[in-house]
Amino acid sequence: MGEDQVFTGDPTRQVAGGPFAHTAGRLSPVTDLSSALAALKEIVEQGEGAARADVWDGDIDLFHPETKAVSHYYRFKELALGRRYQPGDTPESGPTGDVVTVDPAGVRPLRPNPRLDDHPEGSAIRIAQEAFNKTYCKMLQQLEQAFNGNPAMLGISVGTMYAIKGQAQSLMALQDDDALAAGPTFDYVAPEDRG
């Protein structure tokens with residue numbers, strides 16, 4: 001078909017690095033074959049489900065600048081296998097580094113599949129869950145706008161992500177009558193009800 005038949009959209013509607021320019025990954029507009037191939041290469045480097053020849057994504061680990069970052073796929077493999085990757089490890093060898101530990105004291109017993117109707121209207125937990133749901137839906141709307149023609153909304157959504165993180169942490173600090181930690185319900189709230 002040719003590039004001129006495939007890349008026909010308005011390039012100003014493309015999302016770029018913006019608020020994520022400081023992170024290890026790269027977010028670049030896709031406007032032609034070259035930029036599309038570069039974006040696909042970035043996805044592969046990040047390891048989005050790709051079982052490939054290298055566990056490292058090519059970037060520096062943000063939390064351990066002396067090492068390379070493990071791709072997302074292999075980070076989940078570390079959790080599943082209970083051990084961290086170290087230099088020299090391959091997909092075939094698996095991780096041979098430190099054991100991944102879990103501090104049981106840091107795990108909160110959570111009500112399975114939290115629902116709004118688990119708690120009476122007006123209760124502290126229900127109010128916190130409803131507030132979380134409104135912010136969650138606001139964030140989803142902002143992301144939808146960012147990736148559908150208003151890329152400036154991406155930066156605004158980052159602020160909302162921090163707000164939702166705080167709401168989730170506050171919510172999970174609450175305990176119900178069964179001594180279980182409260183949790184978000186992720187219910188949809190229509191825009192007109194987000195007030």
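What counts, and at which threshold
Residues numbered from 1 in each chain as written. Predicted model: local features only at pLDDT ≥ 70, side-chain atom pairs only at ≥ 80, totals over all residues. Heavy atoms only, no water. Helix = DSSP H or I, 4+ residues; strand = E, 2+ residues; numbered from the N terminus. Contact = heavy atoms within 4.5 Å. Expected span 1.5 Å × (residues − 1). Buried < 20%, exposed > 50% of the residue type's maximum accessible area, 1.4 Å probe, protein only. Patch = residues over 30% accessible without salt bridge, like charges linked within 9 Å, V, L, I, M, F, W, Y side chains within 5 Å. Areas by Shrake-Rupley, 256 points an atom, 1.4 Å probe, with all protein chains shown as cover. Salt bridge = Lys/Arg side-chain N within 4 Å of Asp/Glu carboxyl O.

Draft legend 1. Main features of the environment of Glu 144. Note on placement: Glu 144 falls in helix α4 (residues 124–146). It is 9.1 Å that separates the C-alpha atoms of Glu 144 and Leu 154, two residues lying ten residues apart in sequence.

Draft legend 2. Structural view of the side chain of Asp 176. Its place among the elements puts Asp 176 in the segment after α5 (153–172). Asp 176 has contacts with Arg 111, His 119 and Ile 125, leaving out every residue within four places of it along the chain.

Draft legend 3. Structural detail: α5. Given a rise of 1.5 Å per residue, 20 residues ought to cover 28 Å, and the 28 Å separating the end C-alpha atoms of α5 matches this to within 8%. Every buried residue belonging to α5 is among Met 153, Leu 154, Ser 157, Val 158, Thr 160, Ile 164, Ala 168 and Leu 171, and all of these are buried. Against α4 lie the buried residues of α5.

Draft legend 4. Spatial organisation of a nonpolar patch on the surface. Taken together, the side chains of Leu 33, Leu 37, Leu 40 and Ile 43 define a hydrophobic patch exposed on the protein surface, amounting to about 370 Å² of accessible area. Positionally, Leu 40 belongs in helix α2 (residues 33–46).

Draft legend 5. Representation of α4 within the structure. For α4, which comprises 23 residues, the first-to-last C-alpha distance of 33 Å matches the rise-based estimate of 33 Å (1.5 Å per residue) to within 8%. Among the residues making up α4, those that are buried are Ile 125, Arg 126, Gln 129, Phe 132, Asn 133, Thr 135, Cys 137, Met 139, Gln 142 and Ala 146. For α4, the secondary structure elements touched by its buried residues are α5.

Function cannot be inferred from these measures alone, as they are strictly geometric.
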